Amino acid sequence: MSPLEYIWAGVMAVIAGPAAFEIFGIGIPLTVLMVFGGFLLGVVGGATPGLAGPFLMAVSLPILLSIFGFTPDALLPVMGFLVGVMKGATVGGAVPAILFNTPGTPDAMMTTLDGYPMAQKGQAGKALRTAHFASVSGDTFSDLVLFTCAPFLAVIVEAYLGFGEKAALIVLSMAFIAAVVGASPLKGMIAAFLGLLIASIGTGEDFYARLSFGTDALADGVPMITAVMGVLILGEVLVAFENMWRKRRSNAVVKEPAQSGDNRLSWTERKALMPFIGISAVVGTIIGALPGIGSTLAATLGYATGDKMHKGPVKFGQGTPEGIAATEAANSAVSGSNLIPVLSLGIPGNVGAVFIILAAESIGGFNPGPTVFRFTASEVNPELVIAFGLFTAMMIANIFNWVIGGRIMAACGIMSKIPSHVLLPMVLLLTLTAIYAQETSFTAIYFALAFAVLGYLLRKLRIPTLPFVIAFILAGNLEHSFRQAFAVSGGDPWFLFKSPLSLVFLLLSAAVVIFFSRSKTPEAGRRAATERDL
């Protein structure tokens with residue numbers, strides 16, 4: 001098959017795939033319907049503080065797997081739903097940030113600086129329209145870069161990297177994530193090593209039960225879904241419970257400010273915003289392509305860049321649409337480019353990408369990494385068809401966002417008024433239910449509660465959780481790569497240092513840790529520790 005035939009096969013796998021139902025004899029594709037459902041859920045969840053995209057993806061995945069099963073036909077509907085959630089939550093987070101000065105997601109924090117002042121001036125409608133236009137523009141640009149770069153990067157990696165080089169590349173990725181996430185590279189390294197240690201529990205490739213202490217539960221290994229959801233979601237819930245108990249928030253009703261004047265966004269105004277959106281989209285795309293940095297930094301850099309460009313009468317921070325546009329374009333551009341290392345290298349860079357990886361590994365038939373983009377002419381590469389199907393689902397989500405995203409955003413302001421003492425128990429119940437639906441065993445619940453305590457302790461000690469999760473996920477690939485490289489080298493214990501390229505990767509790993517250890521001052525560390533950009 002030629003590249004164009006693979007692209008067309010991926011498009012048709014979505015458009016002409018299994019139909020969910022028929023309307024007047026016309027079948028509605030199941031994957032398209034799932035993308036739409038995920039998008040709606042994402043916008044509503046993003047507009048609700050405490051229900052960010054990663055949580056919704058975490059809860060949805062086990063439920064989707066219990067409904068669709070583990071056949072290859074479930075890949076596109078499940079991943080399409082997750083992509084819809086990821087994109088919907090990105091735009092939804094701006095709603096409470098603008099209306100109530102409460103960001104629905106961490107990356108919407110910078111949106112409050114100009115969004116809320118505009119709402120106080122009676123321009124909430126214009127602020128929401130600006131956020132929607134900038135967010136969808138940045139997201140679409142990032143997706144186009146993903147579709148272009150991921151296949152070429154994967155082909156280069158597959159052509160020039162052997163087993164040893166791939167193992168060293170995984171080490172470099174984990175070192176980079178551990179160094180840049182959180183306040184301290186040392187704490188990031190501790191989290192990563194802890195993830196590797198716990199992932200090594202159970203029966204390895206040598207069929208010997210490691211660190212099991214003679215128990216059957218540990219001999220089978222730690223279920224990945226319980227570790228990820230326990231640390232990421234349940235740990236955050238425990239911290240939120242503690243904060244709610246300490247603060248005893250008042251039950252005062254938050255009122256939405258009245259709108260006045262023209263709240264439409266004209267084509268002239270959109271044209272004036274395009275330079276800010278364009279620069280911030282490029283910044284967000286570059287940041288997103290680097291594993292582990294996240295959208296909060298992208299939003300901050302996009303806002304700072306826009307501030308330097310701005311020459312208008314209203315300064316940044318005082319309620320200018322350019323400030324909203326610069327922020328939303330940057331943090332939305334991260335969502336597409338974050339999948340570049342996932343699809344080309346098999347390395348997740350943020351929490352949303354983690355659940356795309358989990359979906360692929362749980363269902364099977366699609367292994368994100370360099371082998372996906374093998375354009376074989378003699379036989380069909382089903383993984384490549386799935387990859388282009390995933391790209392198609394992302395573009396469909398963007399179309400939904402362009403057409404109806406703004407209207408849904410405007411209707412979601414009421415979601416920000418849900419009190420924490422009502423929301424948090426629902427989050428806890430949904431998470432535990434989703435875990436049980438996936439594993440169908442109370443042992444999984446015990447594992448999840450144990451990892452919830454671990455996640456709580458990590459947060460209290462200001463140790464980032466993302467390096468732990470990514471190291472836990474990559475541990476199997478790392479061990480497999482090491483074993484293959486060791487076997488190919490004929491049992492040479494110095495196999496990693498024989499290849500110049502793997503040696504470069506290892507030196508870069510050390511250089512990244514040393515550089516960020518010196519560049520992060522204690523004051524910067526304290527500021528970074530307050531961020532929750534997982």
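Residues numbered from 1 in each chain as written. Predicted model: local features only at pLDDT ≥ 70, side-chain atom pairs only at ≥ 80, totals over all residues. Heavy atoms only, no water.

A. Geometry of the overall build of the protein. Per the secondary structure count, the protein includes 22 helices and 4 strands. Across the 534 residues that make up the protein, the buried fraction comes to 53%. Within the protein, residue pairs in contact and separated by at least 24 positions form 78% of the contacts whose partners lie at least 6 positions apart. With the model as given, the accessible surface of the protein reaches about 23200 Å², and the carbon-plus-sulfur share is 68%. (Helix = DSSP H or I, 4+ residues; strand = E, 2+ residues; numbered from the N terminus. Buried < 20%, exposed > 50% of the residue type's maximum accessible area, 1.4 Å probe, protein only. Contact = heavy atoms within 4.5 Å. Areas by Shrake-Rupley, 256 points an atom, 1.4 Å probe, with all protein chains shown as cover.)

B. Structural detail: the pattern of salt bridges. A complete count under the given rule lists 6 salt bridges for this structure. D143 is the partner of K87 in a salt bridge, and the nearest nitrogen-oxygen pair spans 2.7 Å. With K87 in helix α4 (residues 75-92) and D143 in helix α7 (residues 124-160), this residue pair connects regions lying 56 residues apart in the sequence. Here K87 and D143 have matching classes, each one buried. Three or more residues are tied together by salt bridges with common partners; here these are K87, D139 and D143. (Salt bridge = Lys/Arg side-chain N within 4 Å of Asp/Glu carboxyl O.)

C. Spotlight on unusual backbone geometry. Even without being glycine, R462 reaches a positive phi, approximately 60 degrees. With respect to the helices and strands, R462 occurs in the loop between α19 (442-460) and α20 (466-488).

D. Here's a closer look at the packing of aromatic side chains. Scanning all chains against the criterion turns up 11 aromatic pairs. An angle of 50 degrees between the planes, with centres 6.4 Å apart, marks the rings of F451 and F468 as tilted. Taken as a pair, F451 in helix α19 and F468 in helix α20 lie far apart in primary sequence, 17 residues in all. You can call F451 buried: its relative accessible area is 7%. (Phe/Tyr/Trp six-rings, centres within 6.5 Å; stacked < 30°, edge-to-face > 60°.)

E. Spatial organisation of helix α1 (residues 3-15). Under the 1.5 Å per step criterion, the end-to-end length of α1 is 18 Å for 13 residues, consistent within 8% with the ideal 18 Å. All buried positions along α1 are accounted for by Y6, G10 and V14. The arc that holds every buried residue of α1, seen down its axis, measures 75 degrees, which confines them to one face. Opposite the buried face of α1, at more than 90 degrees from it, the exposed residues are L4 and W8. (Expected span 1.5 Å × (residues − 1). Arc of directions from axis to C-beta.)

F. The packing of helix α3 (residues 53-68) against helix α16 (residues 351-363), seen in detail. Between α3 and α16, whose axes approach to 9 Å, the crossing angle comes to 10 degrees. One finds that α3 runs roughly parallel with respect to α16. Contact residues: α3 offers P54, M57, A58, L61 and L65, while α16 offers V351, G352, F355, I356, L358, A359, S362 and I363. Looking at side-chain class alone, the contact of α3 with α16 contains 11 nonpolar, 2 polar and no charged residues. (Axes fitted to C-alpha atoms, helices over the stretch in contact; angles between N-to-C directions. Parallel < 35°, antiparallel > 145°, perpendicular 65-115°, else oblique. Nonpolar A, V, L, I, M, F, W, Y, C, P; charged D, E, K, R; others polar.)

G. Seen up close, the environment of T48. Relative to the helices and strands, T48 is located in the loop between α2 (30-46) and α3. The spatial distance from the C-alpha of T48 to the C-alpha of G92 is 8.2 Å, given a sequence separation of 44 residues.

H. Spotlight on helix α6 (residues 112-120). Among all positions of α6, only T112, D114, G115, M118 and A119 are buried. At the exit of α6 stands G122, carrying a positive phi of roughly 85 degrees.

I. Spotlight on the pairing of strand β1 (residues 19-23). When β1 meets strand β2 (residues 26-29), the two strands line up antiparallel, connected through 4 bridges. Bridge pairing links F21 to I28 in β2. (Pairing = 2+ DSSP bridges.)

J. Up close: the nonpolar core. The biggest cluster of nonpolar side chains holds 124 residues, and the ones touching the most others in it are L61, L146, F355, F366, F373 and F451. In terms of residue count, the dominant contributor to this core is helix α17 (residues 382-411) (14 residues). For F355, the contacting residues outside a window of four places in its chain are P54, M57, A58, L61, L82, V228 and L232. (Core = buried A, V, L, I, M, F, W, Y, C linked by side-chain atoms within 4.5 Å.)

K. Main features of a nonpolar patch on the surface. Together, F21, I23, F24 and L33 give the surface a local cluster of nonpolar side chains, amounting to about 430 Å² of exposed area. Mapping I23 onto the fold places it in strand β1. Here I23 falls in the partly exposed class, since its relative accessible area comes to 40%. (Patch = residues over 30% accessible without salt bridge, like charges linked within 9 Å, V, L, I, M, F, W, Y side chains within 5 Å.)

L. Spotlight on the confidence of the model for the protein. Predicted confidence across the protein gives a mean pLDDT of 81, with 89% of residues reaching 70 or more. Low pLDDT, under 50, characterises residues 521-534; the stretch is placed with 23 contacts to residues that sit more than four places away or in other chains. (pLDDT = per-residue confidence, 0-100.)

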